[in-house]
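# Report on the structure
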Amino acid sequence: MATKHHIIGSRAPFYPMLLSLLISLLALSPAADAFATPSSLFSHSLLFREAPPSSSPSSRGTTSCHGRNQALAAAASSSSLVTEDNVISNNDETSSSLSSPEEVFEQFAQFLIQHQTSMIAEIEEADGSDVAFSKDGWGAFEDSNNDNTKSGGITRVIQGGNIVEKGACSLTIIRNGVLTAERAATIRGRQEQVVEGSVDGDDGLVIQEGDIYSAAALSVVLHTKNPFVPTFRSDVRIFLVKSAEKDGESVAWFGGGSDLTPYYLIDQDIIDFHTHLKKMCDDHFPANNNQYNLSYRQMKQSCDEYFYLPARSEHRGTGGIFFDDLPATQSTSEFVRGVAQGWMPSWLPIVQKNGSREYTEEEKHWQCLRRGRYLEFNLLYDRGVKFGLANANPRVEGVMVSAPPRIAFDYNHVPEEGSEEERLVGILKNPKDWV
């Protein structure tokens, strides 16, 4: 039966940078619970538990589908994921020549490990200082163990660089978690009907309590020293569910995004950034051949809708893209990989143009004021941060790793009329189409 995919591009996503930290919350040992982190509305103890050594499968017939999971962050793909453009679901009639979802997941995880290392080297070279990223491994990555049968992660942080005043790049990989009834019900409630002709989604894979999940994420946030270089944030992610009732039945979905938070509007920089994203989206999802009903416009709107401070009636930055619930196929895996591999090419040209630009104390103070908005969003509106800090014994450093290094709050600050600061606020209150 032909499949019709509908990707949710307009619903509010979870704050992606912090999504990878969520997975450390979901890690499968008491020690990992110390990493209690954001981007889930749900309690670890209530919704997830460790997988037993083996499961007792039984029968449950389904066809391929995809479900919405905004509580986990994950991955970009490698170039050899699949051989045909079919949903990665090993119960598909058309998927016999494809890698299994589990194999795809492991390939993604290896890509993320490699990409974190290569990207950090690129950032350090661009920064040009003697400051290097610290390395904080846990679980499978503690003491360079890198046991690919266990869960774990690596948090890399740089502080006090020439370009990056503070930056974090977080890798997290979770394997063989078990969904509780509450979490399974939440995922079921967000599933989308994707099989043409199905009634109320009854023909789709129904996520149930006891199903096995794996997740992986790579995320980055770079707060810049120079107020003429925007803060950069991005992530890619994958979520895999395997039925506990039928051996070998599983499905996988992608998500991710990328966006800028500028302090001074250099229009051409923002245009170039969005042009990069639009070209990538258009190349992978052309208007005349787009089975996923996905476009740059939809993904930009989704990004704008989430990074919004309603109390201020303004958006946090000039946006980018966000996508979720993207079925794992050859074409979508190439797109997700392209998102990750495009992070530095889309941002470093701005660094090269403006990283050495002179600025005044007043301009630095304005940057700190706008960073205050960044922190406001995290603490007041980001669902993951609120959950992470409310959790019992939270690892505050992990929850707040994406926070800016210096901020300012001035009472009733109003930008001078006709100033560049006022122009920025005008755009943040009324986002524009940059391309």
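Everything below is about the structure printed above this text.
So, here's what we can say about the structure.

Basis of the calculations
Residues numbered from 1 in each chain as written. Predicted model: local features only at pLDDT ≥ 70, side-chain atom pairs only at ≥ 80, totals over all residues. Heavy atoms only, no water. Axes fitted to C-alpha atoms, helices over the stretch in contact; angles between N-to-C directions. Helix = DSSP H or I, 4+ residues; strand = E, 2+ residues; numbered from the N terminus. Parallel < 35°, antiparallel > 145°, perpendicular 65-115°, else oblique. Contact = heavy atoms within 4.5 Å. Nonpolar A, V, L, I, M, F, W, Y, C, P; charged D, E, K, R; others polar. Phe/Tyr/Trp six-rings, centres within 6.5 Å; stacked < 30°, edge-to-face > 60°. Buried < 20%, exposed > 50% of the residue type's maximum accessible area, 1.4 Å probe, protein only. Lys NZ or Arg CZ within 6 Å of the ring centre and 35° of its normal.

## A word on the packing of helix α3 (residues 101–127) against helix α8 (residues 343–354)
Here α3 crosses α8 at 10°, and the two axes come no closer than 12 Å. Considering their axes alone, α3 and α8 lie roughly parallel with respect to each other. Residues His-115, Met-119, Glu-122, Ile-123 and Ala-126 of α3 form the contact with α8, whose participating residues are Trp-343, Met-344 and Leu-348. Its residues assigned to classes, the contact of α3 with α8 shows six nonpolar, one polar and one charged.

## Side note on the packing of aromatic side chains
Under the criterion given, the structure shown has 13 aromatic pairs. Aromatic pair Phe-232 and Trp-347: ring centres 6.0 Å apart, planes at 35°, arrangement tilted. Of this pair, Phe-232 sits in strand β6 (residues 231–242) while Trp-347 sits in helix α8, and the two are 115 residues apart along the sequence. Per residue, the accessibility class of Phe-232 equals that of Trp-347, and both read buried. Measuring from ring centre to ring centre gives 5.3 Å for Tyr-306 and Phe-377, while their planes differ by 85°; the resulting arrangement is edge-to-face. Placement of Tyr-306 in helix α6 (residues 296–306) and of Phe-377 in helix α9 (residues 361–381) is noted, with a sequence separation of 71 residues between them. We note that Tyr-306, like Phe-377, is buried. Put simply, the rings of Phe-285, Tyr-292, Phe-323 and Phe-335 pair up and form one aromatic cluster. Between the NZ or CZ atom of Arg-316 and the centre of the ring of Phe-377, over which it lies, the distance is 5.5 Å.

In short, the description is geometric, and any link to function would need to be established separately.
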